[in-house]
Amino acid sequence: MVALVLLFADFAALVAGLAVFLHRRRGGPTENVDGLLAEQERLAQVRALRSSYSSIAMHSTHGLTTDDLGRYHR
């Protein structure tokens, strides 16, 4: 029983450690101009996808077509 409790405690500590690591890594600034430009381009693509493929826009369509997939997934 003690071994099971220790196993779950170790698992919880691992998950908490990974969460802290990923949170710190994600919040860091971009290191150079190329990275900033890549982030801005990707954010523009995400905004376009969100507006083009919202639930309202997709209500009466068939969803993504093969042409659309080629445009956004290189």
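Residues numbered from 1 in each chain as written. Predicted model: local features only at pLDDT ≥ 70, side-chain atom pairs only at ≥ 80, totals over all residues. Heavy atoms only, no water.

Re the overall build of the protein
In step 1: Along its length, the protein carries 3 helices and 0 strands.
In step 2: Start at the N end of the protein and walk to the C end: the helices and strands fall as α-α-α.
In step 3: Residues counted as buried form 4% of the 74 residues belonging to the protein.
In step 4: As presented, the protein carries roughly 6,900 Å² of accessible surface, and 64% of it is formed by carbon and sulfur atoms. (Helix = DSSP H or I, 4+ residues; strand = E, 2+ residues; numbered from the N terminus. Buried < 20%, exposed > 50% of the residue type's maximum accessible area, 1.4 Å probe, protein only. Areas by Shrake-Rupley, 256 points an atom, 1.4 Å probe, with all protein chains shown as cover.)

As for the confidence of the model for the protein
In step 1: Residues with a pLDDT of 70 or more make up 64% of the protein, whose mean pLDDT is 77.
In step 2: Across the protein, element-level confidence peaks in helix H1 (residues 2-26) with a mean pLDDT of 91 and bottoms out in helix H3 (residues 66-72) with 56. (pLDDT = per-residue confidence, 0-100.)

Side note on a nonpolar patch on the surface
In step 1: Residues Met1, Leu4, Val5, Leu7 and Phe8 make up a contiguous nonpolar surface patch of about 590 Å² in total accessible area.
In step 2: The class of methionine 1 is exposed, set by a relative accessible area of 79%. (Patch = residues over 30% accessible without salt bridge, like charges linked within 9 Å, V, L, I, M, F, W, Y side chains within 5 Å. Salt bridge = Lys/Arg side-chain N within 4 Å of Asp/Glu carboxyl O.)

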